[in-house]
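Observations on chain architecture
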Number of protein chains: 2
Amino acid sequence: MASIKDVAAEAGVSVATVSRVLNDHPSVSAEARTRVLAAVETLGYRPNAVARSLRTDQTHTLGLVISDVLNPYFTELARSVEEEARALGYSVIIGNADERPDLQDHHVRNLLDRRIDGLLVSPTDGGSPLMLDAARGGTPMVFVDRWIPGVDVPVVRSDGRAAVRDLVAHLHGLGHRRLAIIAGPAATTTGRERVEAFREALGAYGLELPDAYIGQGDFQAESGRRVTEGFLDLPEPPEVVFAADNLMALGALDAVRARGLRVPDDLALAAFDDIRWFVHTDPPITAIAQPTGELGRAAVRALVDRIEGRPGQSVTLPARLVVRRSCGENPTPVQRSTT
Amino acid sequence: MASIKDVAAEAGVSVATVSRVLNDHPSVSAEARTRVLAAVETLGYRPNAVARSLRTDQTHTLGLVISDVLNPYFTELARSVEEEARALGYSVIIGNADERPDLQDHHVRNLLDRRIDGLLVSPTDGGSPLMLDAARGGTPMVFVDRWIPGVDVPVVRSDGRAAVRDLVAHLHGLGHRRLAIIAGPAATTTGRERVEAFREALGAYGLELPDAYIGQGDFQAESGRRVTEGFLDLPEPPEVVFAADNLMALGALDAVRARGLRVPDDLALAAFDDIRWFVHTDPPITAIAQPTGELGRAAVRALVDRIEGRPGQSVTLPARLVVRRSCGENPTPVQRSTT
DNA sequence: ACAGTCGATGTAATCGATTCCACGAGGATC
DNA sequence: GATCCTCGTGGAATCGATTACATCGACTGT
């Protein structure tokens, strides 16, 4: 592969001049510029990004560590992140943690070794030593969706509190009184927050959230299935299950189906995170939708701000309830005004 | 960030010795090794992968350019690719082409500039000049799922012919005679092949595939919706629609639903690529399942073989039909023996 | 006419690693 | 006791870019 020296030789100039042309530095003669450009063309030369990064100490690359690529919420997030990053002149390297802290650490380390300019993380746990060091250390960082408390890093996320209240209002209106939740890992902020928001919303109606109605999941489908089976085995099973993400909702559907039961007649179902398939499931699933694309874009903007020396804002956007038929028929149209 | 020089100073040895310890070169004294390791520990030193790559001309990185991250088939592929690559000591950088040739070229160029060790591509088109150059040029390359004919690059893919025959047998057995297909772009191999396989299979039953029953899609949901609407507007609409991927099947569902029609009574539906949600859609969707994980792993093995100087085999694995209820009730269990 | 300025260019240092080569000490061989 | 290896080590070149600094010619202003 041709290097800058080859181009310089071909054009009959020094490597400095070639570099100047490539980075369009002002003081290059038109003459030299055309000769260099011609040489670049004939040799099919492309600058070596590795060498360039070593010298400039910039990779123009963002690292994105997401919790699970198989979760449509995170792929949508990843897509919007890449899109916005590209628009701002950055590439993105994605690391998939599969909800495993060890894998998450592996990717963070790998990205740091590659000297990415900044890191976008949706942490799967409360923060390993490595993650905390990275956050405190030099690398610009932004949390997206989930975050780690007590660390001075901007957070871009969505607030589901109001939407959860709307959901509970909807469920209560349909006559449901025994409401259960499939929670995410307590080590994650979204794992805890969604339970708390649910409990608070229930409280407003004088309802309790007994421990038996809090199933411990891990944001993966299999745990949703397992927890739902547990609920169904209870002497007094819940009337509604609220899954804290879409994959656990899928697992819940598997469990209900395996028993030959029906949603919503035997068990109503709602989920956090809306995905396109929820429109076509049997029945269509009531869900809380996050402004995923906007979240991804805002996160990139915040990170690039930090990288380029500007402050870098935390952002919180509201989620909203999308009512479908999985919690009961003839739903009262409870929608929040925010779009 | 600490460099190898800092470590050398801290340990009281030369950088050469530090490098030897880090790459466990045999001729280093136990004494020096422990001193270096201690210095590494106290400084929290991590080798700069950029510098290392520049010197060794190896990045231990694979590029993966996929057609669409929002397509669950490709995310599953990406996941298995990353998994196998990690097991073999490589990282993966994913580029999402969104089914757009220009974006695909952007990512290929970007990956080449980063001097990745090898490239895994599922091309969105017949091959841009850049792609062809890359294939012929030095970079080891392997095609996965889709490929470009006439280029000497190993191909790892799945053969759906037998499964499509099974599908048509199933449909014919249910009494369907007017069968339509939502095709992928003619510029992609999978776009063409699936139509051809379908046509051939129909031929075996003396059925035609008229042009009006071939809808041109682009593997995205919106095109599936549009094409299906066209089918429904025909004076003699088809009885079955076979979508060449899962996203176009989603679009077809949208279209059917928008008209207040029902699957399979008003229109039967089948899809290429099986996904977990197909079990829970209304009705569950009959699909052709690819051994996606195995495909990804085989592709990585082939690519790493090439990178490390071994031949690099093409691999073709069979797909299989999974019958559900979207083509009609009481299905004859047509299953191929292969798992 | 001469000093000063400016624009274009080249030389060389530099980024952080790897690795060839030379060198010195110590042990084995005769 | 001289020679020859072997082993551990350090110095320095190298990878492919960027960029500070020096140089040189031409032009300008007085």
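Residues numbered from 1 in each chain as written. Chains lettered and ligands numbered in written order. Predicted model: local features only at pLDDT ≥ 70, side-chain atom pairs only at ≥ 80, totals over all residues. Heavy atoms only, no water.

1. Quick notes on the interface of chain B and chain A
At the junction of the two partners, chain B supplies 50 residues and chain A supplies 49 residues. Surface buried jointly by chain B and chain A totals about 4500 Å² across both partners, of which 58% is contributed by carbon and sulfur atoms. Of all residues in chain B, Arg115(B), Trp277(B) and His280(B) bury the most surface against chain A, accounting for 18% of the area lost on that side. On the surface where chain B and chain A come into contact, there are six salt bridges. The partner of Asp254(B) in a salt bridge is Arg276(A), with the nearest N and O atoms 3.2 Å apart. Those elements giving two or more residues to the side of chain B that touches chain A turn out to be α4 (49–56), α5 (72–87), β2 (91–96), α6 (101–113) and α11 (246–258) of chain B. (Contact = heavy atoms within 4.5 Å. Buried area = accessible area lost by both parts, 1.4 Å probe. Salt bridge = Lys/Arg side-chain N within 4 Å of Asp/Glu carboxyl O. Helix = DSSP H or I, 4+ residues; strand = E, 2+ residues; numbered from the N terminus.)

2. Focus on the domain arrangement of chain A
By the assigned domains, chain A splits into domain 1 (4–47), domain 2 (57–158 + 292–317) and domain 3 (159–290). Computed from C-alpha coordinates alone, the two centres of domain 1 of chain A and domain 2 of chain A are separated by 37 Å. (Domains from an automatic or database assignment.)

3. Details of the protein's contact with DNA strand D
Around DNA strand D, a shell composed of 26 residues is seen, among which Ile4(A), Ser19(A), Asn48(A), Arg55(A) and Arg20(B) lie nearest. Counting only the atoms of DNA strand D that lie within 4 Å of the protein, the sugar and phosphate share comes to 58%. A distance of 2.3 Å separates a phosphate oxygen of DNA strand D from a polar atom in the backbone of Ile4(A). In the model, a phosphate oxygen of DNA strand D is placed 2.6 Å from a nitrogen or oxygen of the Asn48(A) main chain. Residue assignment for the surface near DNA strand D shows that the elements contributing at least two residues are α1 (4–11), α2 (15–22) and α4 (49–56) of chain A together with α2 (15–22) and α4 of chain B. (Near = heavy atom within 4 Å. Polar contact = N/O pair within 3.5 Å; in protein donor to acceptor, adjacent residues only side chain to side chain.)

4. Quick look at the sheet that holds strand β1 (residues 61–66) of chain B
Residues and elements named next belong to chain B. Reading across the sheet, the six strands line up as β2-β1-β3-β4-β5-β11 and stay open at both edges, with parallel pairing between neighbours. The strands lining the two open edges of the sheet, one partner per strand, are β2 and β11 (315–318). This sheet shows a mean twist of 20° between the axes of neighbouring strands, independent of strand direction. Note that strand β4 (residues 141–144) and strand β5 (residues 155–159) share two bridges and pair parallel. Bridge pairing links Phe143 to Val155 in β5. (Pairing = 2+ DSSP bridges. Axes fitted to C-alpha atoms, helices over the stretch in contact; angles between N-to-C directions.)

5. Focus: the pairing of strand β10 (residues 286–289) of chain A
Residue and element names in this part refer to chain A. The two faces of β10 match: Thr286 and Ile288 on one face and Ala287 and Ala289 on the other face are all buried. As defined by bridge partners, strand β9 (residues 268–272) adjoins β10 across three bridges and the pair is classed as parallel. Of the residues in β10, the one forming a bridge with Phe272 is Ile288. In this structure, β10 lies alongside strand β12 (residues 320–322), joined through three bridges in antiparallel fashion. The residue bridging Ile288 from the neighbouring strand is Leu321, located in β12. (Buried < 20%, exposed > 50% of the residue type's maximum accessible area, 1.4 Å probe, protein only.)

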